[in-house]
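Results of the structural survey
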Amino acid sequence: MATEATVNSAASPGLPTPARKEYYWLRSFAAGGIAGCCAKTTIAPLDRVKILLQAHNPHYKDLGVFATLRSVPQKEGYLGLYKGNGAMMVRIFPYGAIQFMAFDQYKKLLSKKLGISGHVHRLMAGSMAGITAVICTYPLDVIRVRLAFQVKGHHRYTGIIHAFQTIYKSEGGVSGFYRGLMPTVIGMAPYAGFSFFTFGTLKSLGLAHAPTLLGRPSSDNPEVLVLKTHVNLLCGGIAGAIAQTISYPLDVARRRMQLGSILPDSKKCLTLSNTLKHVYTTYGVKKGLYRGLSLNYIRCIPSQAVAFTTYEFMKQTLHLN
């Protein structure tokens, strides 16, 4: 998700032109991956609580967001808030890298090859980038969710490798790693699409109408205007909140399908439609389809702030502007 506006096409100082071109993909991959890791580590405790609430973990099923945040350290120690974060880092680095790179490539493809431009190409490119990143990293997400769902003293998996081996042997081989892929893909399309679309639209409008107030020159190329940090925070928060509200029920269904045999009602969560119907019938809208949504709103601002700020910093450090 680019956060810069090109003011002039002049080459920037810093790296020779051949080097900037030759290593662009590698540097872009690193920038997106590091940004994703920093953002996810910042909100790891909130992610753990979200998984526990979404899937109605029996140890925390009667608690709310803040009560769970207090209860986890009491039962499992403070490191319990970061359970599954190691698997998350293994997944999120390639996920963030692929998503940022794919967005730029899809945007160029849509505008140059298909003639689609304006706000629509942001929405389409964002959706396609999100889906691409999800498909490439989905097995790692399944592992991360399984590890995060475990409670101290009730471990089914001892680590990432053991989880891979157990799921492969007991849940149908490779197909076991792709439970819940369909709701994930369906949910990611509107989530990533509206996230990129909203942020990109707010960014272009801000830099077009108030460049001095909202923007500043990039440190690696003064001819490029980038958003100020607090503006990144605001635009990213708004984009995340809108995207999350639209796609959240699908995220709930995805988590329950990913957890598979761990849940006592797993047989009712084999397909997307059955899972949504079961959650709605059993728990309703507020306590089922949108359970834990308030936590996601709390996650949006810090997550997007760290992601965009880190990505912008890495782009300037690696001379990507």
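What counts, and at which threshold
Numbers given to residues run from 1 along each chain, matching the order in which its sequence is written. Note on the predicted model: pLDDT of at least 70 is required for a residue's local features to be given, and 80 or more for side-chain atom pairs to be given and counted; whole-chain, interface and lining totals, by contrast, use all residues. Values reported for side chains reflect all heavy atoms of the structure, with hydrogen atoms and water molecules removed beforehand. Put simply, DSSP marks the helices as runs of H or I at least four residues long and the strands as runs of E at least two long, and each gets a number from the N terminus on. Radius of gyration: C-alpha atoms only; globule rule: 2.2 Å multiplied by the number of residues to the exponent 0.38. To sort residues, take the accessible area from a 1.4 Å probe on protein chains only and compare it with the maximum for the residue type: under 20% means buried, over 50% means exposed, and anything in between is partly exposed. Whether two residues are in contact is decided by their heavy atoms: any pair within 4.5 Å suffices. To be clear on the numbers: accessible area is Shrake-Rupley with a 1.4 Å probe, and residue cover counts the displayed protein chains and nothing else. What is meant by a nonpolar core is a set of buried Ala, Val, Leu, Ile, Met, Phe, Trp, Tyr and Cys residues, joined one to another through side-chain atoms within 4.5 Å. The quantity known as pLDDT measures the predictor's confidence residue by residue, on a range of 0 to 100. Angles here are taken between N-to-C directions and fall from 0 to 180 degrees, while the axes themselves are lines fitted to C-alpha atoms, restricted in helices to the stretch in contact. In what follows, roughly perpendicular refers to angles from 65 to 115 degrees, roughly parallel to angles under 35, roughly antiparallel to angles over 145, and oblique to any angle outside these ranges. By the convention adopted, Pro, Cys, Tyr, Trp, Phe, Met, Ile, Leu, Val and Ala count as nonpolar, Lys, Arg, Asp and Glu as charged, and the other residues, Gly among them, as polar. Only protein atoms enter the 1 Å grid used here, on which a cavity is any set of points holding a 1.4 Å probe that cannot leave and a pocket is any open set flanked by protein within 12 Å on both sides along at least five of seven lines; residues with an atom within 4 Å of a point are listed as lining. Grid points are joined across faces, edges and corners, and a volume is the space filled by probe spheres set on the points. Two strands pair under a simple rule: DSSP has to find at least two bridges between them. Whenever a pair of cysteine sulfur atoms sits within 2.5 Å, that pair is classed as a disulfide.

Quick look at the overall build of the chain
Scanning the chain from N- to C-terminus turns up 13 helices and 3 strands. Relative to the compact-globule value of 20 Å for 321 residues, the chain shows a C-alpha radius of gyration of 20 Å, a close match. Projected onto its principal axes, the C-alpha positions of the chain cover 60 × 40 × 35 Å. Across the 321 residues of the chain, 53% fall into the buried class. Considering only contacts within the chain whose residues lie at least 6 apart along the sequence, 74% involve residues at least 24 apart. For the chain, the exposed area adds up to about 14,500 Å²; of that, 67% sits on carbon and sulfur atoms.

Section: the nonpolar core
The biggest cluster of nonpolar side chains holds 24 residues, and the ones touching the most others in it are Tyr 95, Ile 143 and Ile 167. Where this core is concerned, the elements lending two or more residues are helix H5 (85-113), helix H6 (119-149), helix H7 (160-170) and helix H8 (181-209). Excluding its chain neighbours within four sequence positions, the residues that come into contact with Tyr 95 are Gly 130, Ala 133, Val 134, Thr 137 and Met 188. Membership of the second largest hydrophobic core comes to 8 residues, among which are Phe 199, Leu 207, Ala 239 and Phe 308.

Digging into the confidence of the model for the chain
In this model, the chain carries a mean pLDDT of 82, and residues with pLDDT of at least 70 account for 93%. Between the elements of the chain, mean pLDDT differs from a low of 48, seen in strand E1 (residues 4-6), to a high of 92, seen in helix H9 (residues 211-214). For residues 6-14, every residue scores under 50 in pLDDT, and the model assigns this stretch 14 contacts once sequence neighbours within four places are set aside.

A closer look at the packing of H8 against helix H10 (residues 229-259)
Direction vectors running N to C along H8 and H10 enclose 175 degrees, while the axes themselves pass 8 Å from each other. Looking at the two axes, H8 sits roughly antiparallel to H10. Of the residues belonging to the contact of H8 with H10, the class tally is 15 nonpolar, 9 polar and 1 charged.

Quick notes on empty space enclosed by the protein
Evaluation of the coordinates by the stated rule reveals 3 cavities of 30 Å³ or more. Taken as a whole, the largest cavity encloses approximately 730 Å³ of empty space. Lining the largest cavity are 39 residues, with Lys 40, Tyr 95, Gln 99, Met 188 and Tyr 191 positioned closest to its centre. Among the secondary structure elements, those contributing two or more residues to the lining of the largest cavity are helix H2 (24-42), helix H3 (44-54), H5, H6, H8, H10 and helix H13 (293-317). When residues of the lining of the largest cavity are assigned to their parent elements, the largest contribution, 8 residues, is made by H8. The residue makeup of the lining of the largest cavity, split by class, is 17 nonpolar, 12 polar and 10 charged. Taken as a whole, the second largest cavity spans an internal volume of roughly 70 Å³. Taken together, Lys 40, Ala 44, Asp 47, Arg 48, Leu 81, Tyr 82, Lys 83, Gly 84, Asn 85, Met 88, Arg 144 and Ala 148 make up the lining of the second largest cavity. Within the residue set of the lining of the second largest cavity, elements represented by two or more residues are H3, H5 and H6. Top element by residues in the lining of the second largest cavity is H3. It accounts for 3 residues. Taken together, the residues that form the lining of the second largest cavity break down as 5 nonpolar, 2 polar and 5 charged.

What about the pairing of strand E3 (residues 224-227)?
Here E3 shows a buried face lined by Val 224 and Val 226 and a second buried face lined by Leu 225 and Leu 227. Where strand E2 (residues 215-217) lies against E3, 3 bridges are found, and the strand directions are antiparallel. Within E3, the residue paired with Pro 217 across the bridge is Leu 225. Counted between consecutive antiparallel strands, the loop separating E2 from E3 contains 6 residues.

Remarks on the state of the cysteines
For the structure on display, the rule yields 0 disulfides. Between Cys 37, a free cysteine, and Cys 38, which holds the nearest cysteine sulfur, the sulfur-to-sulfur gap is 7.0 Å. Classification of Cys 37 as buried rests on a relative accessible area of 17%. Its relative accessible area of 32% is what places Cys 38 among the partly exposed residues.

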